[in-house]
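One-letter residues, chain by chain:
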Amino acid sequence: MNPIRDAWQSIFRRDPLSTDKGKSELVFLNVWLHIHPAKVKKENLKVKHTFYLGFITFYLFLILVTTGVALMFYYRPHPPQAYQDMKDLEYVVYLGTFLRNMHRWAAHGMVICVFLHMCRVFYTGSYKRPRQFNWVIGVFLFLLTLGLSFTGYLLPWDQLAFWAITVGTNIGSYAPLVGGRIRELLLGGHSVGESALLRFYVLHVAVLPSVMILLTMVHFWRVRKDGGLSRPVWKLKAESAAKVVTIGAPAEPAFRVVPASKDKTYGLMEVVTGKPIFETVSAEEEEDTVFSYPYAFFREAIALVATVISVMAVSLFWNAPLEEMANPVKTPNPAKAPWYFLGLQELVSHSALLGGVVVPALAVLALVAIPYLDPNPSRRPADRKWAIRAFAAFAIVNVVLIIIGTLFRGPGWALVPPWVHISGAE
Amino acid sequence: MNRRTFLNWGTAGIAALCAGVAVSLAAVVRFLTPSVFYEPPQMFKIGNAADFSFGPPTFLAEEKIFVFRDREKGFAIASAVCTHLGCTVGYFQTDGRFHCPCHGSVFGADGKVEHGPAPRPLEWFEVTLARDGQLSVDKDRVVPAAYRLMV
Ligand code: HEM
Ligand code: FES
């Protein structure tokens, strides 16, 4: 009798590695090797294909969950305690400032990285068949990321938070018919107050993260089911490009019920026929593959370590802002929404309905519809000059509007360059 | 079970499911709609008429209103909440207008938008005389800009 070995084997239910069964179980029972295929194409590991942006976004999310749970131990979602707790975190809680900084900077980083990830997926045309649906899931992940940042923004209950959310939720109330109602449901009242803080808190720590985790799992699962990452664009040859991308879910007679044949060793509910939906690998490409463990794992681990170290480093040197306690009576001048919504606010400062509702709604719709409206089967950048230009224009307009809103808007929303100081402005 | 019964029951089942989902959704929306508001009341007293001077309006910060008192016309209450995105406007004696600090909307003395992105004029609220002789304001009752209470 060996209790230690018994205990060990009750946790790791695997035969000893000296046996063949144990060796294969090491692979089959490993959740990471379940998410990854056993082998991946070497070219897909190249940094210049993905910049590992999807991974970095995910790692930032992990950092946010960890530091966020830590902050929850010291945070009460009710005014004025919420603000006092922020002060406590800053001055009396051991590592409080550092954890708060990490949470704040990782959140900003995640918004940036998810946007860049989306740009890279667009640039490489990776939303095309068979990956259309994963792009759509991605758009929802993007919106969720914004939603998490926005709900988190109110929690410190300082002037910045209060007025950003006041202005931000008022933008939403311009939606015709339902706008005012949505605002009331979100705030639990007519204005930003204690009910709003509680609701934002629940959304921020429970509802939105759960949905995020769920969709992230679907997202990863689809990457795998869509045949792993797309081929890097520099590997796409002009003449065969069309062929490469048309492999995918069977185009016509989509589903046909057939009885399972005798030579089939497995079935998928006896309804799925046709070619496998993943890209088939030819013999010559087979040579270009490497085992996921250790090659892919190692690179992903490096990205993880680099992400964590970067966030920690930034958090050592820059503190998350905390202004005076929220004061509904005093509007700071200018009052600004969180930076990623300043492009929106810029539009809203010209026309609330057009800029706050029509343009963003059309933008989201367009993003969702991209994979279904783009008629071009080729993924080569040379074949999709106009698509790339259009998307680049979209991205640049966004960035420029955000920069104007952040740096060039002074008191009274007047155009003021950041290097000019206005005396008398609060 | 034959084909017809199967389809009938199937249709009924799906209809029931849809109805169930619709009812649940309505319940969720109703659940989230607050029945009690933990915020300053919409209707409140602001003091006696004699507390307010003639001339430029008095700004009540907590209530976010301006109290106008005119010798001939009487009392009027203007909302200080900008109709654009909800910042608090200020009354400038120099030009007799309301200016919003957030995106530069300017409202005339009668609340009409004169400049900037605000889509609607400032609101005016009903003011009445309570039994105890105090002025009472009801923010749920929006009145035309010409509304006055003569005391
Ligand atoms: C929380 C946000 C997100 C996370 C954590 C995430 C994570 C990932 C990861 C880890 C990958 C693997 C490859 C890589 O690193 O690029 C990936 C691929 C992909 N992502 Fe995301 N993603 C997110 C948001 C998005 C968004 C906003 C879009 C687009 C609108 C998107 C569309 C895709 C597509 C289509 C692929 C497959 C790319 C290919 O096959 O080359 N994702 N994602
Ligand atoms: S909130 Fe007053 S102008 Fe925007």
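Every chain is numbered on its own, with residues counted from 1 as its sequence reads. Chains carry letters and ligands carry numbers; both start at the beginning, A for chains and 1 for ligands, and go up in the order they are written. pLDDT decides what is reported in this predicted model: residues at 70 or higher carry local features, side-chain atom pairs at 80 or more are listed and counted, and totals for whole chains, interfaces and linings draw on all residues regardless. Neither water nor hydrogens contribute to the side-chain values; these are computed over all heavy atoms in the structure.

Peer 1: Even after reading the chapter, I still don't get the overall build of chain A, so can you show me in this structure?
Peer 2: When helices and strands are tallied, chain A shows 17 helices and two strands. For the exposure calls, accessible area comes from a 1.4 Å probe over protein chains only, and a residue counts as buried if that area is under 20% of its type's maximum, exposed if over 50%, partly exposed in between. Taking all 426 residues of chain A together, the buried fraction comes to 42%. Two residues qualify as a contact provided that any one of their heavy atoms is within 4.5 Å of a heavy atom in the partner residue. Put simply, 77% of the contacts in chain A that link residues at least 6 apart link residues at least 24 apart. Split by element, the accessible area of chain A, about 23700 Å² in all, is 70% carbon and sulfur. Runs of H or I in DSSP of at least four residues are treated as helices and runs of E of at least two as strands, each being numbered from the N terminus. Here the Shrake-Rupley method, with its probe set to 1.4 Å, supplies the accessible areas, and only the displayed protein chains count as covering residues.

Peer 1: Help me understand a positive patch on the surface in this model?
Peer 2: Residues and elements named next belong to chain A. Positive charge collects at one region of the surface, where Lys42, Lys46, Lys48 and Arg299 lie side by side. Take Arg299: it is sitting in helix H14 (residues 292–317). We classify Arg299 as partly exposed; its relative accessible area is 35%. Patch members must show over 30% relative accessible area and no salt bridge, and they are joined within 9 Å when carrying like charges or within 5 Å when they are nonpolar side chains of Val, Leu, Ile, Met, Phe, Trp or Tyr. Each salt bridge in this description consists of a side-chain nitrogen of Lys or Arg and a carboxyl oxygen of Asp or Glu lying within 4 Å of one another. Note that His is not counted, nor are the chain ends; the positive residues are Lys and Arg, and the negative ones are Asp and Glu. To locate a charge, take atom NZ for lysine, CZ for arginine, CG for aspartate or CD for glutamate.

Peer 1: Help me understand the domain arrangement of chain B in this model?
Peer 2: These domain limits were set by an automatic method or by a database of domain assignments. You can read the domains of chain B as domain 1 (1–38) and domain 2 (43–143). For domain 1 of chain B and domain 2 of chain B, the distance between their C-alpha centroids amounts to 47 Å.

Peer 1: Help me understand the sheet that holds strand E4 (residues 74–79) of chain B, please; the structure alone is not making it clear to me.
Peer 2: Each strand in a sheet pairs with its neighbour through backbone hydrogen bonds, running either in the same direction (parallel) or in the opposite one (antiparallel). Residue and element names in this part refer to chain B. Taken together, six strands build an open sheet; the order of strands is E1-E10-E9-E4-E3-E2 and the sheet is antiparallel. A strand with exactly one partner marks an edge of an open sheet, and here the two such strands are strand E1 (43–48) and strand E2 (58–60). Taken pair by pair, the neighbouring strands of this sheet meet at an average axis angle of 30°, ignoring direction. Pairing between two strands is assigned when DSSP locates at least 2 bridges connecting them. The pairing of E4 with strand E9 (residues 124–129) spans two bridges and is classified as antiparallel. Bridging from a neighbouring strand, Ala78 pairs with Trp124 of E9. Convention adopted: a line fitted to C-alpha atoms gives each axis, helices being fitted over their contacting stretch, and angles between N-to-C directions are expressed from 0 to 180 degrees.

Peer 1: Help me out: how do you make sense of the layout of surface pockets in this one?
Peer 2: All names here are of chain A. Roughly 1600 Å³ of volume is contained in the second largest pocket. Cavity means a closed set of points on a 1 Å grid over the protein atoms alone, one where a 1.4 Å probe fits but cannot get out, pocket means an open set with protein on both sides within 12 Å along at least 5 of 7 lines, and lining means a residue has an atom within 4 Å of a point. Considering the residues around the second largest pocket, the lining is formed by 46 residues, among which Leu143, Leu146, Phe341, Leu344 and Pro360 are closest to the centre. Contributing elements (two or more residues each) for the lining of the second largest pocket: helix H7 (96–123), helix H8 (132–154), helix H9 (159–172), helix H10 (179–187), helix H11 (194–225), helix H15 (342–348), helix H16 (352–373) and helix H17 (385–407). Among the elements that make up the lining of the second largest pocket, the one with the highest residue count is H16 (eight residues). Grid points are joined across faces, edges and corners, and a volume is the space filled by probe spheres set on the points.

Peer 1: How should I be thinking about the coordination of the iron atom of ligand 1 in this particular structure?
Peer 2: Angles at a metal have ideal values that depend on geometry: 109.5 degrees with four tetrahedral donors, 90 or 180 degrees with six octahedral donors. Residues and elements named next belong to chain A. Because water is not among the atoms used, a metal site may look incomplete, as its donors are only the N, O and S atoms within 2.8 Å, or 3.2 Å for Na, K and Ca. Within the protein, the iron atom of ligand 1 binds to His117 (NE2) and His219 (NE2); these donor distances fall in the range 2.0 to 2.1 Å. Working rule for geometry: tetrahedral if four donors all subtend angles between 85 and 135 degrees; square planar for four, octahedral for six, if opposite donors exceed 155 degrees and the others stay between 65 and 115; irregular in every other situation. Relative to the metal, the six donor atoms surrounding the iron atom of ligand 1 lie at angles of 86 to 179°, and the coordination shape comes out octahedral. Placement of His117 in helix H7 and of His219 in helix H11 is noted, with a sequence separation of 102 residues between them. This pair shows no difference in class: His117 is buried, exactly as His219 is.

Peer 1: It is not clear to me how the site of ligand 1 should be interpreted in this structure. Could you clarify?
Peer 2: All names here are of chain A. Taken together, 25 residues lie near ligand 1, and His117, Arg120, Gly138, His219 and Ser230 sit nearest. Under this definition, polar contacts are N or O atom pairs within 3.5 Å; protein pairs additionally need one hydrogen-donor-capable and one acceptor-capable atom, and for neighbouring residues in sequence, both atoms have to be side-chain atoms. One of the backbone N or O atoms of Phe55 is found 3.5 Å from an oxygen atom in ligand 1. Contacts to ligand 1 include Ser230, whose side-chain N or O atom sits 2.7 Å from an oxygen atom. We call a residue near a molecule or strand as soon as one heavy atom of that residue lies within 4 Å of the molecule or strand.

Peer 1: Would you mind going over the state of the cysteines with me for this structure?
Peer 2: As used in these notes, a disulfide is a covalent bond between sulfur atoms, one from each of two cysteines. Residues and elements named next belong to chain B. Cysteine sulfur atoms are paired as a disulfide whenever they fall within 2.5 Å. For the structure shown, the criterion picks out one disulfide over all chains. A disulfide bridge connects Cys87 with Cys102, and the sulfur atoms are separated by 1.9 Å. Residues Cys87 and Cys102 are joined through a disulfide that is left-handed, its torsion about the S-S bond being -90°. One end of the pair, Cys87, is in the loop between E4 and strand E5 (90–92); the other, Cys102, is in the loop between strand E6 (97–99) and strand E7 (106–107), with 15 residues separating them in the sequence. You can call Cys87 buried: its relative accessible area is 1%.

Peer 1: Can you walk me through the sheet that holds strand E8 (residues 113–115) of chain B in this structure?
Peer 2: Residue and element names in this part refer to chain B. With respect to topology, four strands assemble into an open sheet ordered E5-E6-E7-E8, the strand pairing being antiparallel. Looking at which strands have only one partner, the edges of the open sheet turn out to be E5 and E8. Here three bridges tie E5 to E6, and the two strands are oriented antiparallel to one another. Bridging from a neighbouring strand, Phe92 pairs with Arg97 of E6.

Peer 1: How should I be thinking about the side chain of Thr289(A) in this particular structure?
Peer 2: All names here are of chain A. Inspection of the secondary structure puts Thr289 in strand E2 (residues 289–291). Classification of Thr289 as buried rests on a relative accessible area of 14%. Separated by 3.3 Å, the side chains of Thr289 and Lys39 make a polar contact. Not counting residues within four places of it along the chain, the set of residues in contact with Thr289 comprises Lys39, Val40, Lys41 and Lys42.

Peer 1: Please clarify how the packing of helix H6 (residues 81–91) of chain A against H7(A) should be interpreted in this entry.
Peer 2: Packed helix pairs are characterised by how far apart their axes lie and by the angle those axes make with each other. All names here are of chain A. Packing of H6 against H7 leaves a shortest axis separation of 5 Å and a crossing angle of 115°. What the angle tells us is that H6 and H7 run roughly perpendicular. In this structure, H6 uses Met86, Leu89 and Glu90 to contact H7, whose residues at the interface are Gly96, Thr97 and Arg100. In the scheme used here, Gly and all other residues not listed as nonpolar or charged are polar, with Ala, Val, Leu, Ile, Met, Phe, Trp, Tyr, Cys and Pro taken as nonpolar and Asp, Glu, Lys and Arg as charged. Classifying every residue of the contact of H6 with H7 by side-chain character gives two nonpolar, two polar and two charged. Roughly parallel means an angle under 35 degrees; roughly antiparallel means over 145; roughly perpendicular covers 65 to 115; every other angle is labelled oblique.

Peer 1: Quick question: what am I supposed to make of the nonpolar core here?
Peer 2: One broad rule of soluble globular proteins: the nonpolar side chains tend to lie buried together. Core analysis: the largest hydrophobic core is formed by 71 residues, its most contacted members being Trp135(A), Leu154(A), Trp157(A), Val192(A), Phe391(A), Val89(B) and Phe98(B). Excluding its chain neighbours within four sequence positions, the residues that come into contact with Val192(A) are Leu154(A), Trp157(A), Phe162(A), Ile165(A), Thr166(A) and Leu187(A). Phe98(A), Ala107(A), Cys113(A) and Leu141(A) belong to the second largest nonpolar core, which has 19 residues in total. Only buried residues count toward a nonpolar core. Its members are Ala, Val, Leu, Ile, Met, Phe, Trp, Tyr and Cys residues joined through side-chain atoms within 4.5 Å.

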